[in-house]
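Fold and contact review
The residues making up each chain are set out below.
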Amino acid sequence: MTTTDHNVLDVEIGALTGGSANLPQYAGKAVLIVNVASKCGLTPQYSGLEKLQERYAEQGFTVLGVPCNQFLGQEPGTAEEIAEFCSATYGVTFPLTEKVEVNGEGRHPLYERLTGFADAEGHSGDIRWNFEKFLIGRDGRVVARFSPQTEPESDEVVSAIEAQLG
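About the criteria used
- Residues numbered from 1 in each chain as written.
- Predicted model: local features only at pLDDT ≥ 70, side-chain atom pairs only at ≥ 80, totals over all residues.
- Heavy atoms only, no water.
- Helix = DSSP H or I, 4+ residues; strand = E, 2+ residues; numbered from the N terminus.
- Rg over C-alpha atoms; globule rule 2.2 N^0.38 Å.
- Buried < 20%, exposed > 50% of the residue type's maximum accessible area, 1.4 Å probe, protein only.
- Contact = heavy atoms within 4.5 Å.
- Areas by Shrake-Rupley, 256 points an atom, 1.4 Å probe, with all protein chains shown as cover.
- Pairing = 2+ DSSP bridges.
- Right-handed = clockwise from strand over helix to strand, strands pointing away.
- Expected span 1.5 Å × (residues − 1).
- Axes fitted to C-alpha atoms, helices over the stretch in contact; angles between N-to-C directions.

Attention shifts here to the overall build of the protein chain. In terms of regular secondary structure, the protein chain is built from four helices and four strands. Put simply, the protein chain runs from its N terminus to its C terminus through helices and strands in the order β-α-β-α-α-β-β-α. Expected size for 166 residues packed as a compact globule is a radius of gyration near 15 Å; at 14 Å, the protein chain falls within 12% of this value. Along the longest, intermediate and shortest principal axes, the C-alpha atoms of the protein chain span 35 × 35 × 30 Å. Counting the 166 residues in the protein chain, one finds 51% classified as buried. Across the protein chain, every contact between residues at least 6 apart in sequence was considered, and the portion connecting residues at least 24 apart equals 69%. As displayed, the protein chain offers around 7,300 Å² of accessible surface, 47% of which is attributable to carbon and sulfur atoms.

What follows is the structure, given as structure tokens:
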């Protein structure tokens, strides 16, 4: 059994504001998990992620942002600073987890499960950069992986989300 055969929603991870992010609450929903950063050239993707959240939330979908500071220190802020930046700059309403490592020896168990899944180009393993995206199906398993450069509102992401909601 590969890591992608496991439900990723039973992993414990903290919420950005403290306590548990309670991933099991998303069982039965489609979830787009994205490692995010506030000081990256791709940071404007927050806008597209929020638009997806607004467009599909009532159909059983959520974006889940996972702050990470492993890529050139582009998420240096405290939990409070990250929350303020996301809210004030991009109007983010989707949930955010605690800041974690997505690669290396300190890789969070959530990313241990996610990184076994390959994207359309065949890339699996380490997260390449901020804003790499994983779509989780209603059964809690990874169904798609998208590169950091793939815009949240691209046809391929939207089609994959709609297929899970349909």
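Further remarks concern the pairing of strand 1 (residues 30–36). In terms of burial, strand 1 is largely enclosed, as seven of its seven residues are buried. Along strand 1, one buried face is formed by Ala30, Leu32, Val34 and Val36 and the opposite face, lined by Val31, Ile33 and Asn35, is buried too. As judged from the seven bridges shared by strand 1 and strand 2 (residues 61–67), these two strands associate in the parallel manner. The partner of Ala30 across the bridge, within strand 2, is Phe61. Taking the sense of rotation as the criterion, the β-α-β connection linking strand 1, helix 1 (residues 45–56) and strand 2 turns out right-handed. Where strand 1 and strand 3 (residues 133–136) come together, four bridges link them in antiparallel fashion. The residue of strand 3 that forms the bridge with Val34 is Lys133.

What follows deals with the pairing of strand 2. Judged by how many residues are buried, strand 2 sits mostly within the fold: seven of seven residues are covered. Here strand 2 shows two buried faces, one formed by Phe61, Val63, Gly65 and Pro67 and the other by Thr62, Leu64 and Val66.

End to end, helix 1 covers 17 Å across twelve residues, agreeing with the expected 16 Å (1.5 Å per residue, within 8%). Among the residues of helix 1, those classed as buried are Gln45, Tyr46, Gly48, Leu49, Glu50, Leu52, Gln53 and Tyr56. The inward-facing, buried residues of helix 1 abut strand 1, strand 2, helix 2 (79–90), strand 3 and helix 4 (155–165).

The next thing to look at is the environment of Pro24. Tracing the sequence through the fold places Pro24 in the segment before strand 1. Residue classification places Pro24 among the partly exposed residues on the basis of a relative accessible area of 45%. Taking C-alpha positions, Pro24 is 19 Å from Thr93, a pair spaced 69 residues apart along the chain.

A separate point is the sheet that holds strand 1. Read from one edge of the open sheet, four strands run 2-1-3-4, paired in mixed fashion. Edge positions in the sheet fall to strand 2 and strand 4 (142–146), since each has one partner strand and no second. Going from strand to strand, the sheet's axes swing by 20 degrees on average, the running direction of each strand aside. Along the sheet, helix 4 contacts strand 1, strand 2, strand 3 and strand 4; its crossing angle with strand 4, the most-contacted strand, is approximately 170 degrees.

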